[in-house]
Amino acid sequence: MAKMHITTTINGEPTEFLCDPQQSMLDVLRDNLGLTGSKEGCGSGDCGACSITLDGRLVCACLMLAPEAEGKKIETVEGIAKGDQLHPLQKKFVEFAALQCGICTPGVLVAAKALLEKNNNPTETEVRFWLAGNLCRCTGYDKIIRAVMDVAADMRGAAR
Amino acid sequence: MSTGKYKWIGTRVDRPDGADKVTGRARFGADFNMPGQLIGRVLRSPHAHAIIKSVDTSAAEKLPGVKAVVTAKDLPEQPNVIVPAGEMQVNLRDITRNILAREKVLFEGHPIAAVAATTDAIAKQAVELIKVEYEVLPHVIDVTEAMKPGAPVLHDHLITEGVKPAPTKASNIAKRMDNTKGDFEAGLKQAEIVVEREYTTQAVHQGYIEPHATLASAAEDGQVQLWSTTQGHFQVRGFVSRLLGIETSQIRVTPSEIGGGFGGKTVVYLEPIAVRLSQKSGKPVKMVMTREEVFRASGPAPGGTVRVKLGAKKDGTIVAAECEIALQAGAFPGSPLGPACWTSFACYDIPNIKVVGFDVVSNRPKVAAYRAPGAPISAWGVESTLDVLALELGMDPIDLRLKNAAKKGTKTSYGPTFDTIGFVETLEAVKKSAHYKTPPKPGYARGVAAGFWFNVGADSSAASHVAEDGTVTVISGNPDIGGSRASLALMAAEELGVDYSKVRPIIADTSSIGFNFVTGGSRVTFATGLAVVNSVRDMIRELKVRAAKTWGVDPDAVIWEDGVAKPAGSNVGEFEPLTLSQLAATAGKTGGPINGHAQLNAQGAGPGFGVHVVDLKVDRDTGCVHIDRYTAAQDVGTAIHPSYVEGQIQGGAVQGIGWALNEEYIYNAKGRLDNAGFLDYRMPVASDLPMIDALVVEVPNPHHPYGVRGVGEVPIVPPLAAVGNAVARSINIRMTDLPLSPPRLSAAIDAATPKMAAE
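Treat the numbers as computed from the prediction; the structure is a model and nothing was measured.

Peer 1: Lay out the overall build of chain B in plain terms, naming residues and giving numbers.
Peer 2: Within chain B, the regular secondary structure consists of 21 helices and 28 strands. Principal-axis analysis of the C-alpha atoms places the extent of chain B at approximately 100 × 75 × 55 Å. Looking at chain B as a whole, 65% of its 759 residues are labelled buried. Partitioning the contacts of chain B with sequence separation of at least 6, the portion at a separation of at least 24 is 79%. Just so you have it, chain B exposes about 26,600 Å², and 51% of that area is on carbon and sulfur atoms.

Put into C-alpha cells, the structure is as follows:
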C-alpha cells in the first residue's frame, strides 16, 4: 500500500512524514521521527506511557493512527523543556524523587502538564483520577501526586 | 533520619540521571537501534501442553524480506546443570527449552521458533507461515491438581528430590524441602491455644511497564554486542555464552536504562534468540516483546497453597509453629521455595518450628523472581494466622508480635543466628506512630502484618577515577533500577570528602568493569556500595602516595581529610593541604593517572523487617475495598538517600496491595491465560490509593561502613496479610484465598449474610 504524506506540527516544529495508513502515531514518533521519549508499555491504551497531546487533548499515541496528525499540533515529552530550562514539573519530579525507573515518567509528565493547564488548583483526588490512566509500578504514586500538587501550588503562587 | 553524623549520606540530592529521565532523553531497551537492523518475532504455542510433532519453517524462509529463522535446533543441547540466576537458580537443560521449546510445549505462549525480517510487518507475517504439527496433551494449571496422582505429568524424567526413599515414578512434584527447629509436635503439647488455617494465592506478574527488549549484533569475526534491558547484563552475557557456546569475553553487553524489573528481568528470553538470528542473518536484530507476550511468556511469581498451624500460651507466647507450602514453579522446576520456607517464621523467636515445602510444575510460564521471591506467600499465611491468634487471645496485634519478636541472638529455623536487627524497633515505631495511636475512622477497620527479607550481598566490582581537573568518576556494573546511582555517588562523596556534584557515577558494560551479580536481592546499595567505598579508599591510598611524593615524605605521614591531603602531624613538616584538583594537575609528574579499584564478595547483608498498618472499608454491595490510610514501617539500616528509600517502601507496599486486592493470572478451561493485558490484569492505579506513609527506622547494619541494609524487597511482604487482616476485621469473615477482589468479596459477604425471608 502506498505511504501517506502527513504534514503536522510536533513540539512547535513543522514536521512532515510518510507513514503506512495503519501505523500508530507512537510508531511514527519512535521509529520514523526518532522521538523515543514516548514509550510503549502496552500498545492498548492501558498504561499511558505513550501519552501525548493532540491539539491540547491528552491521548495515547498508541491508539492514534498517524494520519490523524494531519494539520494538528502534537506535543510530546521532548517538547516540555524550553531550551535549557526544565519545566517546573520536570524539576519537581527530580527534586521529589517522583520517578524510580523512569519509564512511565514521560507519559506522567505529559498528562500532569495537561491537567495543570486546565486546572491549577486540583484536589488530591482530582490529581489521582486524572493520572489514573498512567500506570507506575515503582513509586506507589505517592511522590508523583505530591510533586504535581506542589507544582500546582507554585503556579498559583506565581500567578498571584 | 540520619543524625548529622554525615555530610552527604542522608541528604535528598537530585539523582544524576534525573534530567535524562524527565526529558525523554534516557534510552531504555526499545530505544536502541542500529543501521540495517532486522526485526525479530517469536512464534508461540497456542496450547498449554502438547507434543511438537514437526516444525516446518520453509514457507516463512521463502517470504521476501525474511533473513533468518531459528528453532530449538539452532541452540545446542544443554546439560542437566543448575546455575544461579538472580535470586533463583536455573537448570541449563530447562532454560534452553524455555527459550525455544524442543520435544513439547509446556505452556501457552511457549516459544517455538523466531524469524528476523526487514520490517516488523514481514516478521509477523512470516511467523504465521510457520507450520507446527502438535499432539495436544491433557494439561494441568492448578498446583493442588498437579500434585494429585493421575495428573498429567509434564516431565517424564522428573523424580521428586528431597524424599527418601526416592520415588520410582515421575510426577509434577520437583522437590520437597524440610526445615525444622526444635520439636514441633512436642512444642504443640505445651500449647494452651492452637489455631490452624489454609490459604491460597494466585500467580501475579511483576508488572514492569517496560516490556523485554534487546538488540543483538553478531559480527563475522565471532564478536557479539548486545543492548538489553536487564537487571544483570553480566547474567545476560553468561547465559548467551553458555546457551550458544560463545566465549564469554567475545560478548559485550551494554545495559539500557531499565523500565522496572522487580526480579523479572534477571533471566533471559529474547537475547539468545536475537544473537542466533543475528549470526544467521549477518545483520543486527532487534526484538521487543508485546505486553501480551510479557504476561504469557515471561516469568510471573508463583501462586500456591499455604497451611499454617500455631500453638501458643494464653499470654501470647508462641511455642510451636508449622507451615506447609506448595508453590507453582511453572513449566520447569525452580519456584522460590527455599526463601518461602525460610522466611515463613523468620520474624519470630519460636522454639519449635516445622516447615515443609513443595516445588510443583504445571502448564504455566516458568516463574521468575519477584521482589522478596516466595516471602509474601508464606507471610500471607503466617501473618493472617497470627491475626486469628491475636483475635482469639484478645491481644493487640503489635503486642502479640512484640511478645514473640526475633532479636539479636535469635536462631532462625534455616540456620543463621541474627546479629543486630531492628524488628522490635520497627514494631515500637509503629506502636508510637500517629496512625496507630488514632483509631480508624468510623466504618473502617485496621489490619497489621509484618515481613522479613534476608537481603543479599554477593559479587561486585567498582572503580573510581580522578579526572584531570580533580572531579571523580565512579564506575560500577549494576543497572540503576530506582536511584542507585545517587546512593553510590553519595557514599563516594562522603568517603572522599568532596561535593556530591563532583562525583559522577556511571554504569559500565560487561567489558568495561569486572563482574557484578544482578541488581536484585536488595543488594546494590549494600554490596556494590561497599565496592564503591572500597574503590574510593583505594584511590585515597593512591592520593596519599602522590601527596607524599610532592612533599618528599613517607605516605604514612599523609592523611586524607575533608577532601584534601594533609600532613599527619606537625612533626611531618609544614605543608599546605593538597586538593584533588591540585593532585590531579600534577599526577603526570607523581606517577600517572590516579584510580582506585575494588572487587568483593560481600558478606553480612543485614536482614530487613517491615511492619505495615492499613485502615480500609469494604463496600458490602460491590465488594470493593477502599483504603483510607496506610503506614509502612521498616528498618533500613541507614537511609543513604531517604527519598529513594521511602520510594522503595511505598512502591513495594503498593505492589503488595495489588497482590492482595486484584492481581491474578486467570486461566480458562483450555489452559490459556484470559487476562494477558493491563486492562484485565488490574494493577493499582493512582485513584485506588491514599498516600503511603513510609516510616523509616534506622538500626545500622554492623557489616557495612555506613550501616546499609537492603530496602527494596521487605515492603512487598507484609501488605497481603495486612490488607487481609483489615478485611477480616471489617466484614468479620476470614478470607483465605487471594486476591480479595470485588467478585470474591461480594460472594463471601452474600454467603455469610442470612438469606432474606422469602418475600
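Once you've had a look at it, read on.
Peer 1: Talk me through the overall build of chain A; I want residue IDs and the actual numbers.
Peer 2: Looking only at helices and strands, chain A has five helices and five strands in total. Going residue by residue from the N terminus, the α and β elements of chain A occur as β-β-α-β-β-β-α-α-α-α. Taking 160 residues into account, the globule formula puts the C-alpha radius of gyration at 15 Å, and chain A, at 16 Å, falls close to it. In terms of its C-alpha atoms, chain A occupies a principal-axis envelope of roughly 50 × 35 × 25 Å. Among the 160 residues that make up chain A, the fraction classed as buried is 54%. Contacts in chain A between residues far apart in sequence, at least 24 positions, make up 54% of those at least 6 positions apart. Accessible surface, chain A as shown: approximately 6,600 Å² in total, 51% of it carbon and sulfur. Distance from the positive charge centre (17 side chains) to the negative charge centre (20 side chains) of chain A: 6 Å.

Peer 1: Tell me about the sheet that holds strand E8 (residues 131–136) of chain B, and please be specific about residues and values.
Peer 2: Spatially, the three strands line up as an open sheet ordered E6-E2-E8 (chain B), and their pairing is antiparallel. A single partner strand is all that each edge strand has here, and the edge strands are strand E6 (104–105) and E8 of chain B.

Peer 1: Describe the pattern of salt bridges, with residues and values.
Peer 2: If you walk through the whole model with that rule in mind, you get 54 salt bridges over all chains. Asp31 of chain B serves as the salt-bridge partner of Arg30 of chain A, at 2.7 Å between the closest nitrogen and oxygen. Placement of Arg30 of chain A in helix H1 (residues 25–32) and of Asp31 of chain B in the loop between helix H1 (18–23) and strand E1 (38–44) is noted, with the two residues assigned to different chains. Each of the two residues, Arg30 of chain A as well as Asp31 of chain B, counts as buried. Here Asp20 of chain B makes a salt bridge to Arg25 of chain B, at a shortest N to O gap of 3.8 Å. Residue class for Asp20 of chain B comes out partly exposed when judged on its relative accessible area of 34%. Taken together, the salt bridges that share partners define one network made up of Arg15, Asp17, Lys21, Glu257, Asp480 and Arg485 of chain B.

Peer 1: An account of helix H16 (residues 524–551) of chain B is requested, with residue identities and associated values reported.
Peer 2: Each α-helix turn comprises 3.6 residues. Residues three or four places apart therefore point the same way. With 28 residues, H16 of chain B should reach 40 Å at 1.5 Å per residue; the first-to-last C-alpha distance of 39 Å fits that figure. One or two positions beyond H16 of chain B, positive phi appears at Gly552 of chain B, with a value near 70°.

Peer 1: An account of the domain arrangement of chain B is needed here, citing residue identities and associated values.
Peer 2: Residues and elements named next belong to chain B. Split into domains, chain B comes out as domain 1 (18–25 + 457–602), domain 2 (32–137 + 210–259 + 265–297) and domain 3 (304–455 + 606–751). Listed by partner, the interface residues are 18 residues for domain 1 and 16 residues for domain 3. Taken over both partners, the interface formed by domain 1 and domain 3 buries close to 1,200 Å², and the fraction arising from carbon and sulfur atoms is 65%. When the buried surface of domain 1 facing domain 3 is broken down by residue, Gly521, Ser522 and Phe526 rank first, second and third, together holding 38% of it. For the interface between domain 1 and domain 3, the tally reads zero salt bridges. In this assembly, domain 1 and domain 3 are joined by five residue pairs in polar contact (both at pLDDT 80 or more). Going through the elements one at a time, helix H15 (484–496) and H16 are the ones with two or more residues in the side of domain 1 that touches domain 3. Residue classes in the side of domain 1 that touches domain 3 are distributed as six nonpolar, nine polar and three charged.

Peer 1: Tell me about the layout of surface pockets, residues and numbers included.
Peer 2: All names here are of chain B. Within this model, the second largest pocket holds a volume of roughly 830 Å³. As for the second largest pocket, its lining consists of 32 residues, of which Ile82, Met88, Gln89, Lys175 and Ser335 are closest to the centre. When contributions to the lining of the second largest pocket are tallied by element, the ones reaching two or more residues are strand E4 (82–85), strand E5 (88–91), helix H3 (92–99), strand E9 (173–181) and helix H10 (337–343). When the residues that make up the lining of the second largest pocket are grouped by side-chain class, the tally is 17 nonpolar, nine polar and six charged. Summarising the domain contributions, the lining of the second largest pocket has at least three residues from each of domain 2 (32–137 + 210–259 + 265–297) and domain 3 (304–455 + 606–751).

Peer 1: Give me the interface of chain B and chain A: which residues, what numbers.
Peer 2: Each partner contributes to the interface: chain B provides 51 residues, whereas chain A provides 41 residues. Three residues, Val22, Ile209 and Met691 of chain B, lead the burial of chain B against chain A; their summed loss comes to 20% of the area buried on that side. At the junction of chain B with chain A, the criterion picks out four salt bridges. As a salt-bridge pair, Glu663 of chain B and Arg137 of chain A come within 2.7 Å of each other at their nearest N and O atoms.

Peer 1: Explain the side chain of Thr105 of chain A residue by residue, including any values.
Peer 2: Looking at the secondary structure, you find Thr105 of chain A in helix H3 (residues 105–118). With a relative accessible area of 1%, Thr105 of chain A lands in the buried category. At 3.3 Å, the side chain of Thr105 of chain A forms a polar contact with the backbone oxygen of Gly102 of chain A. Setting aside residues no more than four positions away along its own chain, Thr105 of chain A makes contact with Phe93 and Leu99 of chain A together with Lys21 and Val22 of chain B.

Peer 1: Hey, could you go over the packing of aromatic side chains for me, with residue numbers and the actual values?
Peer 2: Residues and elements named next belong to chain B. Summed over the entire model, instances satisfying the criterion amount to 21 aromatic pairs over all chains. Site record: aromatic cluster; members linked through ring pairs are Trp342, Tyr348, Tyr414, Phe418, Phe423, Phe452, Trp453, Phe454 and Phe609. Seen from the ring of Phe32, Arg27 lies directly overhead, with NZ or CZ sitting 4.2 Å from the centre.

Peer 1: Lay out empty space enclosed by the protein with the relevant residues and their values.
Peer 2: Residues and elements named next belong to chain B. Taken as a whole and judged by the stated rule, the model has twelve cavities of 30 Å³ or more. For the largest cavity, the calculated volume is near 600 Å³. Forming the boundary of the largest cavity are 35 residues, of which Ile481, Ser522, Thr525, Gln648 and Gly712 lie nearest the centre. Taken together, the elements giving at least two residues each to the lining of the largest cavity come down to H15, H16 and helix H19 (642–661). When grouped by side-chain class, the residues that make up the lining of the largest cavity number eleven nonpolar, 19 polar and five charged.

Peer 1: Tell me what's going on with the domain arrangement of chain A, and back it up with residues and numbers.
Peer 2: One frequently used descriptor of interface size is the decrease in accessible area upon assembly of the parts. Residue and element names in this part refer to chain A. Assigned domains of chain A: these are domain 1 (4–79) and domain 2 (88–159). Between domain 1 and domain 2, the C-alpha centre-to-centre distance is 22 Å. The partner domain 2 presents eleven residues to the twelve residues of domain 1 that form the contact. Scanning the region where domain 1 abuts domain 2 turns up zero salt bridges. The interface formed by domain 1 and domain 2 includes four residue pairs in polar contact (both at pLDDT 80 or more). Considering every element that reaches the side of domain 1 that touches domain 2, the biggest residue donor is strand E3 (residues 51–54), with three residues. When grouped by side-chain class, the residues that make up the side of domain 1 that touches domain 2 number five nonpolar, five polar and two charged.

Peer 1: Outline the nonpolar core, listing residues and values.
Peer 2: General note: in soluble globular proteins, nonpolar side chains tend to be found buried as a group. Ranked by size, the top nonpolar core spans 187 residues in total, and within it Phe93 of chain A together with Phe345 and Val727 of chain B carry the most contacts. Ranked by the residues each element gives to this core, the list is headed by helix H11 (residues 375–393) of chain B, at nine residues. Sequence-distant contacts of Phe93 of chain A, defined by excluding residues within four places in its chain, comprise Ala98, Leu99, Thr105, Val108, Leu109, Ile144, Ala147 and Val148 of chain A together with Val22 of chain B. Counting residues in each nonpolar core, the second largest holds 49 residues, with Val472, Leu496, Ala531 and Ile540 of chain B among its members.

Conventions adopted
Residues numbered from 1 in each chain as written. Chains lettered and ligands numbered in written order. Predicted model: local features only at pLDDT ≥ 70, side-chain atom pairs only at ≥ 80, totals over all residues. Heavy atoms only, no water. Helix = DSSP H or I, 4+ residues; strand = E, 2+ residues; numbered from the N terminus. Buried < 20%, exposed > 50% of the residue type's maximum accessible area, 1.4 Å probe, protein only. Contact = heavy atoms within 4.5 Å. Areas by Shrake-Rupley, 256 points an atom, 1.4 Å probe, with all protein chains shown as cover. Rg over C-alpha atoms; globule rule 2.2 N^0.38 Å. Lys, Arg positive; Asp, Glu negative; His and termini not counted. Charge placed at Lys NZ, Arg CZ, Asp CG, Glu CD. Pairing = 2+ DSSP bridges. Salt bridge = Lys/Arg side-chain N within 4 Å of Asp/Glu carboxyl O. Expected span 1.5 Å × (residues − 1). Domains from an automatic or database assignment. Buried area = accessible area lost by both parts, 1.4 Å probe. Polar contact = N/O pair within 3.5 Å; in protein donor to acceptor, adjacent residues only side chain to side chain. Nonpolar A, V, L, I, M, F, W, Y, C, P; charged D, E, K, R; others polar. 1 Å grid on protein atoms, 1.4 Å probe; cavity = no way out; pocket = protein on both sides within 12 Å on 5 of 7 lines; lining within 4 Å. Points joined across faces, edges and corners; volume = space filled by probe spheres on them. Phe/Tyr/Trp six-rings, centres within 6.5 Å; stacked < 30°, edge-to-face > 60°. Lys NZ or Arg CZ within 6 Å of the ring centre and 35° of its normal. Core = buried A, V, L, I, M, F, W, Y, C linked by side-chain atoms within 4.5 Å.

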